[in-house]
Amino acid sequence: MSSPINLYEHLADELGALIASRVFAPGDRLPSIRHLAQQKRLSISTVMQALRLLEDRGLLDARPQAGFYVRHRHAGARNLAPASVTVAPESLKAPAYVGINNLLMRILQANETPGVIQLGSAWPPDELLPTKRIQQLVGSVGRHNPSLLASVNCFITNEPNFERQVVRRALDWGKLDPAEIVVTSSCTEAISLCLRAVAKPGDTIAIESATYFVLLQLIESLGMKALEIPTHPATGVSLDALELALSEGLVQACLFIPNANNPLGCIMPEANKKRLAALLAQHKVPLIEDDVYGDLCFQSERPWPVKAYDTSGNVLLCSSFSKAVSPAARVGYAVAGRYVQQVAFLKMVSSGATSHFFQAVLAEFLSGRSYDNQVRKMRRSLAQRIAHMSNVIAEAFPPECVISEPQGGFVLWVELPSQVDALALHHTAIQNGIAFMPGPLFSASGKFHHHLRLNCGNAWSAEIETAVRRLGALVHQAADGGGGGQGRLRG
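Calculation notes
Residues numbered from 1 in each chain as written. Predicted model: local features only at pLDDT ≥ 70, side-chain atom pairs only at ≥ 80, totals over all residues. Heavy atoms only, no water. Axes fitted to C-alpha atoms, helices over the stretch in contact; angles between N-to-C directions. Helix = DSSP H or I, 4+ residues; strand = E, 2+ residues; numbered from the N terminus. Parallel < 35°, antiparallel > 145°, perpendicular 65-115°, else oblique. Contact = heavy atoms within 4.5 Å. Nonpolar A, V, L, I, M, F, W, Y, C, P; charged D, E, K, R; others polar. 1 Å grid on protein atoms, 1.4 Å probe; cavity = no way out; pocket = protein on both sides within 12 Å on 5 of 7 lines; lining within 4 Å. Points joined across faces, edges and corners; volume = space filled by probe spheres on them. Patch = residues over 30% accessible without salt bridge, like charges linked within 9 Å, V, L, I, M, F, W, Y side chains within 5 Å. Areas by Shrake-Rupley, 256 points an atom, 1.4 Å probe, with all protein chains shown as cover. Salt bridge = Lys/Arg side-chain N within 4 Å of Asp/Glu carboxyl O. Buried < 20%, exposed > 50% of the residue type's maximum accessible area, 1.4 Å probe, protein only.

(A) Broad picture of the packing of helix α10 (residues 239–247) against helix α11 (residues 270–283). In the contact formed by α10 and α11, the axes pass within 11 Å of each other and the chain directions differ by 0°. Put simply, α10 runs roughly parallel to α11. Here α10 contributes Leu239, Asp240, Leu242, Glu243, Leu246 and Ser247 to the contact with α11, which in turn contributes Asn272, Arg275, Leu276, Leu279, Leu280 and His283. A per-class count over the contact of α10 with α11 returns 6 nonpolar, 3 polar and 3 charged.

Written out as structure tokens, the structure reads:
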């Protein structure tokens, strides 16, 4: 029987799909709570949870004594994609070796030009991080455990308190075996180790389209090939397309971001996650799951990872606390399932043990209510910042631009008019003091040439708003001229 959590999330997904397909259009009133409860044969509290979840996702407004209404989006903003993705066999391109590293390094170097407004790299905003509390814990742990500052661990062992906190944090969705956990120096290192454990040079890794460029870098650096799977901007990777690729024997492993995909911001529905775990177990294909944004999803309950539905040790869950606590701590982890021995060995020969001192510092922060309070604060602030930037983009960019509706994280994905070259636009934007990430960096096959990703994490300010409007003017200029934009705008 479905759990209460599954019931209200299932109802929220069902109503969300009706909103996306405009069965319920902006401004429409949803049926009453009592009517929905009777119609769906659910309790009133379950219906209320579903409606509150849709409110958290930015789809509904609650009006006192009037009910729930579909939220109006700002004029000019449009949904990023239709409500469904139809996948034909010919829509899957052949696996290809990745070749983005040189382009990416040039873009990152240009984004570091002195004086530019940083709308590019997706780093968490400094003012939202608990820096003072971490400083206090560094001092406290150092005083009470001075041996942690001097010891060097030759073997891959986890700091027991940190390991305990990782297990405790997962109790809402399942029970982790501590023996499966390998502590790493970042989520990126965890993913790299897992890739090396499950695949070899020349193997094909299924990825979302679009996906985070660092994942493409890792695949490229390991001499592997990537197969882009069509991905819906609201519900994630197409399982029908993936099943087709699996049945053709095209894939040796998958590397997905089911919770708050970077750059799309989508969350895979729980039913899809369950189906994905079963599908991959059936084909004996491992999944490396990047869950680094899982705690920064906007819905009231943290979405479960695919690992929650893994019954065979086939899913390797990778994460860290870098986005919500401290990027500088350099502590991540992999819950590596049946591949734990391979991952632990690769960790030992690659970089040795991760600092037990910083594991202990993070364990102290995670042990009380500080982390829960921190996550709630960040979710609230990031959702507001995304809304601010979305509204300004809707005003300042050409009306045919399409803006994503992220369900977590702190980036926006924008589809520009088709005649705008995002790489040429980036060159012009840097000249005008604005940095962003162009779309081709998020594809292994050169797709998304007229897309861009913007970081919304920075505190909203007049300077940020001016930069977004200035970028909109450059997009207008590029669209009118049929190119990526030329020259510098006058201030």
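(B) Structural context of the layout of surface pockets. Reported here for the second largest pocket is a volume of approximately 560 Å³. Residue lining of the second largest pocket: 32 residues in total, with Trp123, Thr188, Tyr212, Ser322 and Lys323 positioned closest to the centre. Counting residues per element, the ones that place at least two in the lining of the second largest pocket are α8 (187–198) and α9 (213–221). A total of 5 residues in the lining of the second largest pocket trace back to one element, the largest contributor, which is α9. Here the lining of the second largest pocket is composed, by residue class, of 19 nonpolar, 9 polar and 4 charged.

(C) Fine view of a nonpolar patch on the surface. A surface patch of nonpolar side chains, amounting to about 280 Å² of accessible area, comprises Phe345, Met348 and Val349. The topology assignment puts Met348 in helix α12 (residues 340–350). Exposure remark for Met348: the relative accessible area of 35% places this residue in the partly exposed category.

All we've got here are geometric facts, nothing functional implied.
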